[in-house]
Amino acid sequence: MPITAPDYSRYFTDGTSFACGRDMTGTLSAVRVGELALSTGQVVACDPFVYLGSGDVEPFTVAVEPGRYAVDAAVATLVRPGAEPESRPHTRVAAVRLVIRDVEVAGWELALLPGQDPAELGEEEYFGYGVDAGTGCFYDASAENAFPGTQEEKGAVWAAMESVGHGPYVFMAQGEDGHNLAGFTSGWGDGSYPTWIGRAADGSVACFLTDFFVVPHESESESETETGAGAGAETEVQAP
């Protein structure tokens, strides 16, 4: 069966700890990235430095009411037990969620693009967006052309990214005509990452969440314990 969602609520609970491979432990904390303007309610997730403004990405098939919504990042601070403290903590963005309703999530489903069918997925496969520049983002579909110069290494997105200084790299970029974008580094870097839709008990959309696989899923953790493998179990991926 396709990959299943873990309990993401703990990702955004400060102090949640987890084992990361054989020799590292992580502690999670929630960081507010900012407030995203969705003027149409059509959500796009992609690597902005590769796809923003290219016309090659589409919004997810599930849309929400237009409005302004909070974006939170689950940031993992990683340490090796017994090692000397580092002057700058080793942090990774484990997951990011776009909060539509601040309610408990009753169930998760993969966020899909037009033409994607979960029935076509094999064992442990998923639909995800490709990252080739180590960064992901959320923005409204109407903001596709609001950030000129992004693919030429200039403009608002690059400036916002560079203003962070050092990790955790989460930022808001202000584009043209009132549009904005929430950006964040993608876990361990390049790859393909699934976005999930969390639904409330009444079926309404509670959030969109992208998982960057910094926190091993339960099956991966068990496999690492048994085999001694490092973090990040190999998974077949379906990406647009």
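Residue indices follow the written sequence of each chain, beginning from 1 at its first position. For a predicted model such as this one, the threshold for reporting local features is a pLDDT of at least 70, and the threshold for listing and counting side-chain atom pairs is 80 or more; totals across whole chains, interfaces and linings nevertheless cover every residue. Heavy atoms from the whole structure form the basis of all side-chain values; hydrogens and water molecules are not counted.

### Quick notes on the packing of aromatic side chains
The geometry of an aromatic ring pair is captured by two quantities: the separation of the ring centres and the angle between the planes.
1) Next: Note on ring pairs: Phe, Tyr and Trp rings are taken, using the six-membered ring of Trp, and paired if centres are within 6.5 Å. Classes follow the plane angle, with under 30 degrees stacked, over 60 edge-to-face and the rest tilted. Going through the model one piece at a time under the given rule, you end up with 9 aromatic pairs.
2) Next: Measuring from centroid to centroid gives 4.4 Å for F49 and W158, while their planes differ by 45°, and the two rings are tilted. Of the two residues, F49 is situated in helix α1 (residues 48-51) and W158 in helix α2 (residues 156-163); the sequence distance between them amounts to 109 residues.
3) Next: Each residue's exposure class comes from its accessible area (1.4 Å probe, protein chains only) as a fraction of the maximum for that residue type: buried when under 20%, exposed when over 50%, partly exposed otherwise. Overall, F49 belongs to the buried group, its relative accessible area being 11%. Numbering goes from the N terminus for both helices and strands, where a helix is a DSSP run of H or I of at least four residues and a strand is a run of E of at least two.

### Section: the sheet that holds strand β6 (residues 107-110)
1) Next: Strand order in the open sheet made by the 7 strands is β1-β2-β4-β5-β13-β12-β6, with antiparallel pairing throughout. Edge positions in the sheet fall to β1 (17-20) and β6, since each has one partner strand and no second. Between one strand axis and the next, the sheet turns through 30° on average, direction left out of account.
2) Next: Here β1 pairs with strand β2 (residues 24-38) via 4 bridges, running antiparallel. In the sheet register, A19 faces β2, and the bridge partner there is T25. Whether two strands pair depends on DSSP finding at least two bridges between them. Between N-to-C directions, angles cover 0 to 180 degrees, with each direction set by a line fitted to C-alpha atoms, over the stretch in contact for helices.

### Re the sheet that holds strand β3 (residues 43-46)
1) Next: Strand order across the open sheet formed by 4 strands is β3-β8-β10-β9, with antiparallel pairing between neighbours. Every interior strand has two partners, whereas the edge strands, β3 and β9 (170-174), have only one. Taken pair by pair, the neighbouring strands of this sheet meet at an average axis angle of 20°, ignoring direction.
2) Next: Pairing of β3 with strand β8 (residues 135-140) involves 4 bridges; the strand directions are antiparallel. Its bridge partner being in β8, A45 is matched across the sheet by F138.
3) Next: Sheet contacts for α2: β8, β9 and β10 (180-185); angle to β9, the most-contacted strand, approximately 145°. Here, residues are in contact when the closest pair of their heavy atoms is within 4.5 Å.

### Quick notes on the confidence of the model for the protein chain
1) Next: With 90% of its residues at a pLDDT of at least 70, the protein chain reaches an overall mean of 90.
2) Next: Across residues 220-240, confidence stays below pLDDT 50; counting only partners more than four residues off in sequence or on other chains, it has 35 contacts. Per-residue confidence from the predictor is reported as pLDDT, a score between 0 and 100.

### Side note on the pattern of salt bridges
Should their charged atoms come close, side chains of opposite charge can pair.
1) Next: By definition here, a salt bridge exists when the distance from a side-chain nitrogen of Lys or Arg to a carboxyl oxygen of Asp or Glu is within 4 Å. Applying the stated criterion to the full structure yields 6 salt bridges.
2) Next: One salt bridge connects R101 with D202, and the closest N-O pair in it is separated by 3.2 Å. In this pair, R101 is assigned in the loop between β5 (90-99) and β6 and D202 in the loop between β12 (195-199) and β13 (205-211), connecting sequence segments 101 residues apart.
3) Next: One network of salt bridges, with partners in common, ties together R32, D72 and R97.

### So, the environment of P118
1) Next: Here P118 lies in the loop between β6 and β7 (129-131).
2) Next: Since its relative accessible area comes to 34%, P118 is described here as partly exposed.
3) Next: The sequence separation of P118 and P2 amounts to 116 residues, and the corresponding C-alpha distance is 7.6 Å.
4) Next: Discounting chain neighbours no more than four positions away, the residues touching P118 are P2, L112 and F127.

### Side note on the nonpolar core
1) Next: Counting 52 residues, the largest nonpolar core has Y11, F18, V96, L98, F138, F184 and F208 as the members making the most contacts within it.
2) Next: Tallying contributions element by element places strand β4 (residues 67-79) first for this core, with 7 residues.
3) Next: To qualify as a nonpolar core, a set must consist of buried Ala, Val, Leu, Ile, Met, Phe, Trp, Tyr and Cys residues joined through side-chain atoms within 4.5 Å. Core analysis: the second largest hydrophobic core is formed by 15 residues, V44, F147, V157 and M161 among them.

### Quick word on the environment of V31
1) Next: You can see V31 is positioned in strand β2.
2) Next: Taking relative accessible area as the criterion, V31 reaches 25% and is therefore assigned partly exposed.
3) Next: In sequence terms V31 and A119 are 88 residues apart; their C-alpha atoms lie 35 Å from each other.
4) Next: Other than its neighbours up to four places away in sequence, V31 contacts V71, D72, A73, V75 and V170.

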